[in-house]
Amino acid sequence: MDVARDLAELPLPPSTGGLPWLGDSLAFGRDPMAYLVEKYREYGPVFEVSLPGEPVVVLAGVEANRFANKEGKALFASRSTYLELVRELGSDLNMIVLEGEQHELFRRAGRVGYSKGALNRSVGEAVAILRRELSEVANGQRVDAFVFLQRAVSLQLGVVATQTPADEVVDDLVVFMRTLMLVYLAGLWPKAVTRMPRFRRVKARALAFAKEIVDGHRDNPPTTDSYESVEGEDGRARDLIDDFLDAHAKDPESMPMDAVYAAALGPFLAGQDTVAGTTAFMLHAVLTRPQLLERARAEADALFAAGTPSAKQLQGAKVLRGIVAETLRRFPVAPLLTRRAAETFEFAGHRVEAGRKVFIAQTLTHFLSEHFDAPLDFEVERGRAAGGTLAPFGVGPHTCPGAGLGERLAMLDLAVLLHTTDFELPRRGEKLRMRTLPPAPKDFMLRMRPRRP
Ligand code: HEM
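Residues numbered from 1 in each chain as written. Predicted model: local features only at pLDDT ≥ 70, side-chain atom pairs only at ≥ 80, totals over all residues. Heavy atoms only, no water.

Caption draft 1: Representation of helix H10 (residues 197-219). Between its terminal C-alpha atoms H10 stretches 32 Å, which fits the 33 Å expected from 23 residues at 1.5 Å a residue. Listing the buried residues of H10 in full gives Phe199, Val202, Ala206, Phe209, Ala210, Ile213, Val214, Asp215 and His217. (Helix = DSSP H or I, 4+ residues; strand = E, 2+ residues; numbered from the N terminus. Expected span 1.5 Å × (residues − 1). Buried < 20%, exposed > 50% of the residue type's maximum accessible area, 1.4 Å probe, protein only.)

Shown next, in the form of structure tokens:
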């Protein structure tokens, strides 16, 4: 069989046509997932949309998720999507742009440090950070919940993932990451922004912080092999950065020092907006459903009844677990993955040519009624999802290594918020408005007051 000829005979993905000049960008920009679901119904699991820059082939549906899980390693490259962004971190080598053996080396280095065990060690510190941030909001002050959480989560990730307080640089980290995303991922801001003095100052402070994290680890090595507990007062547990330093010591060519520095910013880059956005969506869902609020608050109060909850207690918090799972389904903060086709391949009877820009719309299944009843409803007691239908943490080789940690931290933060604080949601705020980049509730202004038992 001549595979090349067979492929050449296959039709190209159908084009959605879109509006003249504007392509699909208006409707896509308004609500990307709703638009893609509509086109999926019309064209099936593979079609082409016209967006500014170049047309994009969309792969969607459970068949696309299974295909990406199975063939993703060989057929999709993430390098062109993320390379310019990761270069701003000071290295070309970063988990998200690597493939093959070197990718596996980086994944191995991050396997434990990115896992939920990292939070087990630091639940108390994570709680203290959020409580402190809450105490700095004046009684009755109105705050944008997402902006508030973005800062708090960033501070927490400093301690949880790298055992380094990020207090001095947290505002820089937020601006740095937002700029990188808007310039390099969304293409909404011109590259000239990265040459402006403000960005250069922010970047210099972020990179200096990365160096401080790594040098601090080198100068003060862990005193135990455990990632979860510390022996003695001056002891230090292992974490992500120690594992990257070890990987560097073993194979400095594959894991050069500048890649270790860049990896120290990984938790902030990947975790800050995703966890903050998810927690803000959770909070909105709960505050607009009085019965759910009552159940979630009762569970949060029980968790804190005897001080800081353990990781095990948190895991057993059924209502909070249902809320985070349903939030990740209904409001996925990383709804699709951008790639290039590494070679020409067949998908669903169509030819996707090498080099084409591809969206793997891995969360589109979340919005299909054949997989989830009334998919737009928020329902915390949904049963187990069928394989390949739930993918908030991605599909294929780059699937999120911080999934357990992210989910757990979002649950913990919701529990702290409900246990300590009363929220007043203005009537106008009941209707959820969406930011698309990063995905989060928009102008979700809450009046906060310390809760009186
Ligand atoms: C609710 C929270 C989170 C969501 C929804 C989420 C989602 C995702 C998704 C969809 C990807 C795949 C990106 C791609 O393939 O292009 C990813 C990758 C990644 N995430 Fe997360 N993430 C979350 C939290 C975190 C946290 C807390 C961390 C670390 C502290 C983290 C670290 C990473 C890293 C390092 C990668 C790159 C993996 C690789 O390239 O192999 N994430 N995440």
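Caption draft 2: Representation of the sheet that holds strand S12 (residues 445-450) within the structure. With antiparallel pairing, three strands are arranged side by side in an open sheet as S4-S12-S9. Either end of the sheet is taken by a strand with one partner, and the two such strands are strand S4 (142-144) and strand S9 (421-424). With direction set aside, neighbouring strand axes in the sheet form an average angle of 45°. In this structure, S4 lies alongside S12, joined through three bridges in antiparallel fashion. When the sheet's bridge partners are listed, arginine 142 is paired in S12 with arginine 447. Lying over the sheet, helix H8 (residues 145-162) contacts S4 and S12, oriented at roughly 70° with respect to S4. (Pairing = 2+ DSSP bridges. Axes fitted to C-alpha atoms, helices over the stretch in contact; angles between N-to-C directions. Contact = heavy atoms within 4.5 Å.)

Caption draft 3: Here's a closer look at the domain arrangement of the protein. By the assigned domains, the protein splits into domain 1 (1-90 + 335-369) and domain 2 (103-328 + 392-453). At the junction of the two partners, domain 1 supplies 22 residues and domain 2 supplies 23 residues. Approximately 1,800 Å² of surface area, both sides summed, lies buried where domain 1 meets domain 2, with 65% of it carried by carbon and sulfur atoms. When the area that domain 1 buries against domain 2 is broken down by residue, the three leading residues are Leu85, Glu88 and Leu89, summing to 40%. There are three salt bridges connecting domain 1 and domain 2. The partner of glutamate 84 in a salt bridge is lysine 191, with the nearest N and O atoms 3.1 Å apart. (Domains from an automatic or database assignment. Buried area = accessible area lost by both parts, 1.4 Å probe. Salt bridge = Lys/Arg side-chain N within 4 Å of Asp/Glu carboxyl O.)

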